[in-house]
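# Fold and geometry: a report
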Amino acid sequence: MQKTFSLIVFLFTFLISSAQNKFGDPEVDPIQIQKTFDGWSSYQSKNIMLSRDFTALDVFSKEISKETFLDQLANGNFIPIRLKSEDGIYGYKLFKIQPKTDTSIKATINQIGFDAFKNYKMEGTVFPPFSFKDLDGNLVTNESMKGKIIVIKCWYIHCTPCIREFPQVNKLTDEYKDRKDIVFISLAEDSSDQLKAFLARKPLSYSVIPDMKAYMNESLQLNSFPTHFILNKEGLISKVLPNFESLEVALAKESKL
């Protein structure tokens, strides 16, 4: 009995020390970063990429699943901090939110965690059936897209972050222009006439499909924009992403599979 207990303690200690050895200290002071909402907001927008692949640690530095980590952010009282590591390796650790921390920080983290958790749960599932016509009259369906990687951008004309990333996503389509197995499609809430007038001033290299508000609300249940999907060649959702930076990394990985 004593030997069994000692073995359990050893394994638990080993798991914690392995996670600690893989990563360094928090890249910012977990308490100081909670002092102001603006300070936290600026940090998380640049450093916390929950849609990417990362190693998740709880408050005791024990490695946990990404699902558990996101659930804790959505429903708990924690703040995520990135740990120092090699470039391209992401490790996030949970820290307790301090009693006097601005309540808007917790509310924001809970919302970000909720969105990230919902997106994560969609990965590996079948993308809802579709049969769309783009602005040029081309029919796009599940059947016609079989065997291709599909990149989908969900947006609308009055979404400032959606429009701000146009130059970046246009550049991305150019980088993959020789890959006939990768297709770029965008679903927009707006009407055909509105989109044609808008895109004459702000070009988008994706195939644009109008009048998608109901589909995005009901079939995809989106509540934040932009949202990007990457579908693999089997028609399954590989990634759901909130911004171009995460999309670029995920597509590079998917395109090599």
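Residues numbered from 1 in each chain as written. Predicted model: local features only at pLDDT ≥ 70, side-chain atom pairs only at ≥ 80, totals over all residues. Heavy atoms only, no water.

### A look at the packing of helix H6 (residues 166-175) against helix H9 (residues 244-254)
Closest axis-to-axis distance for the H6/H9 pair is 10 Å, and the angle between their directions is 15 degrees. With respect to each other, H6 and H9 are oriented roughly parallel. Considering only the axes of H6 and H9, their crossing is left-handed. Together, Gln168, Val169 and Leu172 of H6 and Phe244, Glu245, Leu247, Glu248 and Leu251 of H9 make up the contact between the two elements. The residue inventory of the contact of H6 with H9, partitioned by class, reads 5 nonpolar, 1 polar and 2 charged. (Axes fitted to C-alpha atoms, helices over the stretch in contact; angles between N-to-C directions. Helix = DSSP H or I, 4+ residues; strand = E, 2+ residues; numbered from the N terminus. Parallel < 35°, antiparallel > 145°, perpendicular 65-115°, else oblique. Left-handed = near helix turned anticlockwise from the far one by under 90°. Contact = heavy atoms within 4.5 Å. Nonpolar A, V, L, I, M, F, W, Y, C, P; charged D, E, K, R; others polar.)

### Focus: the nonpolar core
Of all hydrophobic cores here, the largest spans 50 residues; its most connected members are Phe127, Cys154, Trp155, Leu187, Leu199, Leu220 and Phe229. In this structure, Phe229 is in contact with Met122, Phe127, Ile150, Val151, Ile152, Cys154, Leu220, Leu222, Ile237, Lys239 and Val240, ignoring residues within four places of it in sequence. Among the nonpolar cores identified, the runner-up in size contains 23 residues, and Ala56, Leu70, Phe78 and Ala116 belong to it. (Core = buried A, V, L, I, M, F, W, Y, C linked by side-chain atoms within 4.5 Å. Buried < 20%, exposed > 50% of the residue type's maximum accessible area, 1.4 Å probe, protein only.)

### Considerations on the sheet that holds strand S1 (residues 55-57)
Pairing is mixed across the open sheet formed by 4 strands, whose spatial order is S2-S1-S4-S3. At either end of the open sheet lies a strand with only one pairing partner, and these are strand S2 (63-64) and strand S3 (78-82). Of the pairings in the sheet, the one linking S1 to strand S4 (residues 91-96) comprises 3 bridges and is parallel in character. When the bridges of S4 are listed, Ala56 appears paired with Tyr92. Together, S1, S2, S3 and S4 form the strand contacts of helix H3 (residues 66-75), whose direction differs from that of S4 by roughly 35 degrees. (Pairing = 2+ DSSP bridges.)

### Remarks on the packing of aromatic side chains
Enumeration according to the criterion identifies 15 aromatic pairs in this entry. Between Phe130 and Phe132, the aromatic rings sit 5.2 Å apart at their centres with planes inclined by 20 degrees, giving stacked as the arrangement. Pairing Trp155 with Phe166 gives two aromatic rings, centres 5.2 Å apart and planes at 80 degrees, and the pair type is edge-to-face. Here Trp155 is found in strand S7 (residues 149-155), whereas its partner Phe166 is found in helix H6, with 11 residues between them in sequence. Relative accessible area serves as the criterion here: at 0%, Trp155 is assigned to the buried category. For Phe166, a relative accessible area of 3% translates into the label buried. A connected cluster of aromatic rings, assembled from ring pairs, spans Phe127, Phe130, Phe132, Tyr215 and Phe229. Its guanidinium or amino end placed over the ring of Tyr90, Arg82 lies 3.7 Å from that ring's centre, counting from NZ or CZ. (Phe/Tyr/Trp six-rings, centres within 6.5 Å; stacked < 30°, edge-to-face > 60°. Lys NZ or Arg CZ within 6 Å of the ring centre and 35° of its normal.)

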